[in-house]
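Reading the structure
Here are the chains, one letter per residue:
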Amino acid sequence: MTAQTMEELVSLCKRRGFLFQSNDIYGGIKGLYDYGPMGVEFKNNLKQAWWKSMVYERDDTEGLDASILSSPVVLKHSGHEDTFTDPLVDCRACKSRWRADQLLENNKCPNCKSEDLTEPRPFNLMFKTAIGPVDDGSSFAYLRPETCQQIFTNFKNILDSTSRTVPFGIAQMGKAFRNEITPRNFIFRVREFEQMELEFFVKPGTDDEWHEYWINKRIEWWVNQGIKKENLKKIEVEKNELAHYSKRTVDINYVFPHGEEELEGVANRTDFDLGSHTKNQNDFKITSEVMKNFSSTTKLAVQDLEEKKWYIPYVIEPSAGVDRGVLALLNEAYREENVDKDNKRILLSLKPHLSPIKAAVIPLKKNNDDLVNLSKEIKSNLQTLGLGRVVLENSGNIGKNYRRHDEIGTPICLTVDFESLEDKSVTVRDRDTMKQERVSIENLSEYYKKYFN
Ligand code: ATP
């Protein structure tokens, strides 16, 4: 079972500290959300799982963490200054603004239903900001609209500082900004979000095969995070809807509570980006339409040692949204169950590696020195195993603690009672089955580690 409505998720997220409307006490800003105590842990765990699979578990990738402020020159050559737009229409009657391609009823204002709309015009989605102390418009930067451009501009730095040869990839996670015309559907479409992007460089001619490989690999990864395969759809982007750099793009869609939409895109960006950022394009046979007037001083190419000539690699890009991942996984994990004929519970049946809290240690009696001290010792021992956050719950209300930890997806709760002082054991309760078993404190580390493997 998943959540029935977006409202159920929004309510859980606020109640349990996953997500808050940003700048809330001043009325909020549309399209911005803050991750609370549970949200930040969950989001970090998701990013860590991605990093693990994209960098640590592979032998053909490197990581990068580049700056957010981006030179307009970079975004000129990437094509963003000219083409990173959405079609904007104004309603002349109520003065609201909409994305023309997202109007539910053709040529009708979703707000007042007037048909008096302007013709669509391109609206650039990039945020601009001044650089340096003088704001006279001559020195500005963009907040990056996607994380990958700095991967391309660092291509040679990474080649020169490692011993990589094609095929290889560069992974990066981090913030991206888009001045979306109509942010909506909770954290699905926001103005500040995070991406997890891999740019995988391959020899032209092998690109189609690598593209297929990454499409399948990414679907498999989402399934491993806990999304049911039948809720993921592989959608071929129509030729006339492809981004300016793309030879072929396959979207991995997810059935969100508001409908089926893109979770991740896997694009074959050809040699467009490295070609665009390369000086002396005429030295290479670049298949895509590249920019004139180069100002890059670097040749972003590699040498084919067999054929003894330089070429610009093609790029396969799996690009996932962290926030959309958070929303999809919360939705997948959401359950409402009858505990008995009078009681219901809500739980997040998250995979343990994603759970914000890995274990809660609960002394049966609040502020009882013996129980609290033993609980603190257990908590600190489990914490040093480095599997994620473990908490001590010194509130004395076991039922309330179980309810809270079910709702935030904590896989196990450990209760320390008076018997624990004698038999050196604790009661471990499993989130999903609610089964309880007694485990000796001596064996707790091993038990806990096995649980997470
Ligand atoms: P959409 O068509 O939904 O606007 P897009 O095709 O423009 O998305 P990409 O440019 O392919 O998106 O970005 C890669 C990923 O970044 C998307 O699959 C999505 O998960 C995430 N993403 C893009 N825009 C947003 C946004 N405004 N809010 C949250 N995540 C986003």
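Residues numbered from 1 in each chain as written. Predicted model: local features only at pLDDT ≥ 70, side-chain atom pairs only at ≥ 80, totals over all residues. Heavy atoms only, no water.

Helix and strand counts for the protein chain stand at 13 helices and 24 strands. The dimensions of the protein chain, computed from C-alpha atoms along their principal axes, are 80 × 65 × 50 Å. The buried share of the protein chain, taken over its 453 residues, is 50%. In the protein chain, the proportion of contacts linking residues at least 24 apart, taken out of those at least 6 apart, comes to 64%. Carbon and sulfur atoms form 47% of the exposed surface of the protein chain, whose accessible area is close to 22,100 Å². Averaged over its 64 positive side-chain charges, the protein chain has a centre that lies 2 Å from the centre of its 71 negative ones. (Helix = DSSP H or I, 4+ residues; strand = E, 2+ residues; numbered from the N terminus. Buried < 20%, exposed > 50% of the residue type's maximum accessible area, 1.4 Å probe, protein only. Contact = heavy atoms within 4.5 Å. Areas by Shrake-Rupley, 256 points an atom, 1.4 Å probe, with all protein chains shown as cover. Lys, Arg positive; Asp, Glu negative; His and termini not counted. Charge placed at Lys NZ, Arg CZ, Asp CG, Glu CD.)

Once that is clear, we can look at the site of the ligand. Around the ligand, the surrounding shell holds 14 residues, and the nearest of these are Glu180, Arg189, Val190, Glu262 and Leu263. In the environment of the ligand, an oxygen atom lies 3.0 Å from a nitrogen or oxygen atom belonging to the side chain of Arg178. One nitrogen or oxygen atom from the side chain of Arg324 is found 3.1 Å from an oxygen atom belonging to the ligand. About the coverage of the ligand: the protein hides 82% of its 600 Å² of free accessible area. Put simply, the parts of the chain that give the shell around the ligand at least two residues each are strand E11 (192–202), strand E14 (259–270) and strand E17 (314–321). Of all the elements, E14 adds the most residues to the shell around the ligand, at four residues. In terms of residue class, the shell around the ligand is made up of four nonpolar, four polar and six charged. (Near = heavy atom within 4 Å. Polar contact = N/O pair within 3.5 Å; in protein donor to acceptor, adjacent residues only side chain to side chain. Nonpolar A, V, L, I, M, F, W, Y, C, P; charged D, E, K, R; others polar.)

Below, the discussion takes up the sheet that holds E17. With respect to topology, seven strands assemble into an open sheet ordered E3-E10-E11-E17-E14-E13-E12, the strand pairing being mixed. Each edge of the open sheet carries a strand with a single partner, namely strand E3 (61–63) and strand E12 (232–236). Taking each pair of neighbouring strands and ignoring which way they run, the sheet shows an average axis angle of 25°. Here helix H2 (residues 37–56) sits on the sheet in contact with E3, strand E10 (168–177), E11 and E17, set at roughly 160° to E10. Relative to the sheet, helix H7 (residues 207–225) contacts E11, E12, strand E13 (248–256), E14 and E17, its axis offset from that of E14 by approximately 150°. (Pairing = 2+ DSSP bridges. Axes fitted to C-alpha atoms, helices over the stretch in contact; angles between N-to-C directions.)

Membership of the largest hydrophobic core comes to 60 residues, with the highest contact counts inside it found for Phe18 and Trp222. Top element by residues in this core is H2. It accounts for eight residues. By size, the runner-up hydrophobic cluster in this structure holds 19 residues, among which are Cys148, Phe152, Phe168 and Val302. (Core = buried A, V, L, I, M, F, W, Y, C linked by side-chain atoms within 4.5 Å.)

In this section: the packing of H2 against helix H9 (residues 322–333). As a packed pair, H2 and H9 sit with axes 10 Å apart at the nearest point and diverge in direction by 110°. Considering their axes alone, H2 and H9 lie roughly perpendicular with respect to each other. In contact with Phe42, Lys43, Leu46 and Lys47 of H2, H9 contributes Val322, Gly325, Val326, Leu329 and Leu330. Its residues assigned to classes, the contact of H2 with H9 comprises six nonpolar, one polar and two charged. (Parallel < 35°, antiparallel > 145°, perpendicular 65-115°, else oblique.)

Two elements in contact, H2 and H7, have axes separated by 12 Å at closest approach and are oriented at 140°. As summarised for this structure, H2 and H7 are arranged oblique, according to the angle between their axes. Crossing geometry of H2 relative to H7 is assigned as right-handed. Of H7, the residues touching H2 (which contributes Leu46, Ala49, Trp50, Ser53 and Met54) are Trp214, Arg218, Trp221, Trp222 and Gln225. Of the residues in the contact of H2 with H7, the class split is seven nonpolar, two polar and one charged. (Left-handed = near helix turned anticlockwise from the far one by under 90°.)

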